[in-house]
Structures are given as C-alpha cells and as structure tokens.
Amino acid sequence: MTPGQGALGAIEATGFARAMREALWLYPSVEIVHIFGLAILVGSIAMFDLRVLGLARTLPVRAVARFLLPWTVGSLVLIVPSGLAMFASHASDFVANPAFVVKMGLLLAAGTNAAIFHAGVFQRAADWDVGVAAPAVARLQAVASLVLWIGVIACGRLIAYL
Ligand code: HEM
C-alpha cells in the first residue's frame, strides 16, 4: 500500500504505521487491546445505565457510579491509543469508510450525552439514590446511551466490511 497524499499520507508513511501494516502480529494484537478496552468501557456504561433504568434499585446509584466510572475512564487508556494506531495504518481508507465516519459521529454524541448527564440530572442524584425511580430525563439519557454505544460497536465491526 503506498501512503496517500497530504496529512493522512504523512501519517501512513510513518515507520510505526508501516509496521502496523507489515508486522504479522502487531495489528491483530493492537485490535485485541482495542476490543478488550471497549468491552470494559461499554460493559461498565451499560451496567450503570441499567441501574439508572431501575434495575437493582436497592443499590445506591451514586455508589454504583463511584465503582464503575473509574473503569469507564480507565478503559480509554486502552481504546484511544489502539484506535489511533489502527487508524494510522490506513488513515485515508478509514476517513473514506462510512462505518468509520458514522462511528466517530456516534462517539461524539455518546460522549456529549454522558457529559450533559453528569453535569445535569446526576448532580441531584441524592434525590433518587435508592429505592425510587430516576427522573424521566435520566432514564431517557440512559436509553440514549445504550442505543448510541451499541451503534458505536456495530459501526466499529462494520468498518472491516465496507
Ligand atoms: C471509545 C470508544 C470506542 C469503541 C466502543 C470502539 C469500538 C470498536 C469496535 C467494536 C471495533 C471492531 C473491532 C473488531 O471487531 O475487529 C472497532 C474497530 C476500530 N476502531 Fe474503534 N472504538 C472506539 C474508539 C475508537 C477510536 C477513538 C478510534 C480512533 C480513531 C477507533 C478506531 C478504530 C479502527 C480504525 C477500527 C477498525 C479496525 C479494523 O477493522 O481493522 N476506535 N472499534
């Protein structure tokens, strides 16, 4: 594969990007790290969303958040570098891949939804911590979160097919 033009071509021409393309086990190993990271990220987010939706109501929602959120944030240490490494190897192909482009859009939407949740309704979580239903807006954002992250995973998998 000959590197493309411009900035993307410059990324593809780096020694590391070439090694990602040519070393037999490097790309698959990086992809395994990516998948392990996203399993922790989406797994921890999904468990929190299900608690907000009313499962295990006897568990204080703030305690659940205190346990799960460090895993959510920590998983990004695996996901982002591995994603960027894979991206660098075929940058110009990925930006032309609709599944990759939609995935990045859904990632932005999922991140924005989470930021609005934590800066908004979750600030008053003491009012709905144990045994009561979460406010409708919190449950709506939990459903949106589940749908968006399933979309990110689906698009991530479809990248290889488009
Ligand atoms: C943060 C949440 C993310 C999630 C949940 C996620 C999820 C996924 C999934 C499920 C796959 C398919 C893996 C497979 O089945 O082989 C994938 C592949 C990929 N991801 Fe991510 N990803 C995330 C972030 C990123 C980031 C930030 C980038 C960087 C640009 C990225 C770049 C890629 C690339 C290039 C592939 C294609 C690998 C291939 O098929 O060759 N991902 N991702």
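Anyway, here's the lowdown on the structure attached to this text. (Residues numbered from 1 in each chain as written. Predicted model: local features only at pLDDT ≥ 70, side-chain atom pairs only at ≥ 80, totals over all residues. Heavy atoms only, no water.)

### Here's the deal with the layout of surface pockets
Phase 1: Put simply, the largest pocket is a space of about 1,100 Å³.
Phase 2: As for the largest pocket, its lining consists of 42 residues, of which I79, K103, L107, W149 and V152 are closest to the centre.
Phase 3: Going through the elements one at a time, α3 (26-52), α4 (61-89), α6 (98-119) and α7 (136-158) are the ones with two or more residues in the lining of the largest pocket. (1 Å grid on protein atoms, 1.4 Å probe; cavity = no way out; pocket = protein on both sides within 12 Å on 5 of 7 lines; lining within 4 Å. Points joined across faces, edges and corners; volume = space filled by probe spheres on them. Helix = DSSP H or I, 4+ residues; strand = E, 2+ residues; numbered from the N terminus.)

### Some details on the packing of α6 against α7
Phase 1: Relative to each other, α6 and α7 sit at 155°, their axes nearing to 9 Å. In terms of axis orientation, α6 runs roughly antiparallel to α7. Like other packed secondary-structure pairs, α6 and α7 cross with a definite hand, here left-handed. Between α6 and α7, the residues in contact are A99, V102, K103, L106, L107, A109, A110, N113, I116 and F117 and A138, Q141, A144, S145, L148, W149, G151, V152, C155, G156 and L158, respectively. (Axes fitted to C-alpha atoms, helices over the stretch in contact; angles between N-to-C directions. Parallel < 35°, antiparallel > 145°, perpendicular 65-115°, else oblique. Left-handed = near helix turned anticlockwise from the far one by under 90°. Contact = heavy atoms within 4.5 Å.)

### Focus: the pattern of salt bridges
Phase 1: Following the criterion strictly, the structure yields 1 salt bridge and no others.
Phase 2: When the shortest N-O distance is used, the salt bridge between R62 and D129 registers 3.1 Å. Of this pair, R62 sits in helix α4 while D129 sits in the loop between α6 and α7; the two residues are 67 residues apart in sequence, bridging distant segments of the chain.
Phase 3: Residue D129 is classed as buried on the basis of its relative accessible area of 12%. (Salt bridge = Lys/Arg side-chain N within 4 Å of Asp/Glu carboxyl O. Buried < 20%, exposed > 50% of the residue type's maximum accessible area, 1.4 Å probe, protein only.)

### A look at the coordination of the iron atom of the ligand
Around a metal, the perfect tetrahedron of four donors has angles of 109.5 degrees, and the perfect octahedron of six donors has angles of 90 or 180 degrees.
Phase 1: The protein atoms that coordinate the iron atom of the ligand are H34 (NE2) and K103 (NZ), at distances of 1.7 to 2.1 Å.
Phase 2: With 6 donor atoms in place around the iron atom of the ligand and angles of 85 to 178° between them, the coordination shape is octahedral. Of the two residues, H34 is situated in helix α3 and K103 in helix α6; the sequence distance between them amounts to 69 residues. The pair H34 / K103 is uniform in exposure class, with both members buried. (Donors = N, O, S within 2.8 Å, 3.2 Å for Na, K, Ca; no water. Tetrahedral: all angles 85-135°; square planar, octahedral: opposite > 155°, others 65-115°.)

### A closer look at the site of the ligand
Phase 1: In the vicinity of the ligand there are 23 residues, among which Y27, E31, H34, K103 and R157 approach most closely.
Phase 2: A distance of 2.5 Å separates an oxygen atom of the ligand from a polar atom in the side chain of E31.
Phase 3: At 2.5 Å, a side-chain N or O of K103 approaches a nitrogen atom of the ligand.
Phase 4: Spatially, the ligand is embedded in the largest pocket.
Phase 5: The residue makeup of the shell around the ligand, split by class, is 17 nonpolar, 3 polar and 3 charged. (Near = heavy atom within 4 Å. Polar contact = N/O pair within 3.5 Å; in protein donor to acceptor, adjacent residues only side chain to side chain. Sits in = over half its atoms within 2 Å of the grid points. Nonpolar A, V, L, I, M, F, W, Y, C, P; charged D, E, K, R; others polar.)

### Some details on α3
Phase 1: Helix length check: α3, at 27 residues, gives a terminal C-alpha distance of 39 Å against a target of 39 Å (1.5 Å per residue), a fit within 8%.
Phase 2: Downstream of α3 by a residue or two, G54 has a phi angle that is positive, lying close to 120°. (Expected span 1.5 Å × (residues − 1).)

### Re a nonpolar patch on the surface
Phase 1: Taken together, the side chains of L76, V80 and L84 make up a nonpolar region of the molecular surface, amounting to roughly 260 Å² of accessible area.
Phase 2: Following the sequence through the fold, L84 ends up in helix α4. (Patch = residues over 30% accessible without salt bridge, like charges linked within 9 Å, V, L, I, M, F, W, Y side chains within 5 Å. Areas by Shrake-Rupley, 256 points an atom, 1.4 Å probe, with all protein chains shown as cover.)

### Describing the nonpolar core
Phase 1: Judged by nonpolar contacts, the single largest core of 14 residues is most densely connected at F48, V52, V61, F117, F122, W128 and A138.
Phase 2: Ranked by residues supplied to this core, first place goes to α4 with 4 residues.
Phase 3: Ignoring sequence-local partners within four residues, the contact set of V52 consists of V61, F117, A134, A138, R139 and A142. (Core = buried A, V, L, I, M, F, W, Y, C linked by side-chain atoms within 4.5 Å.)

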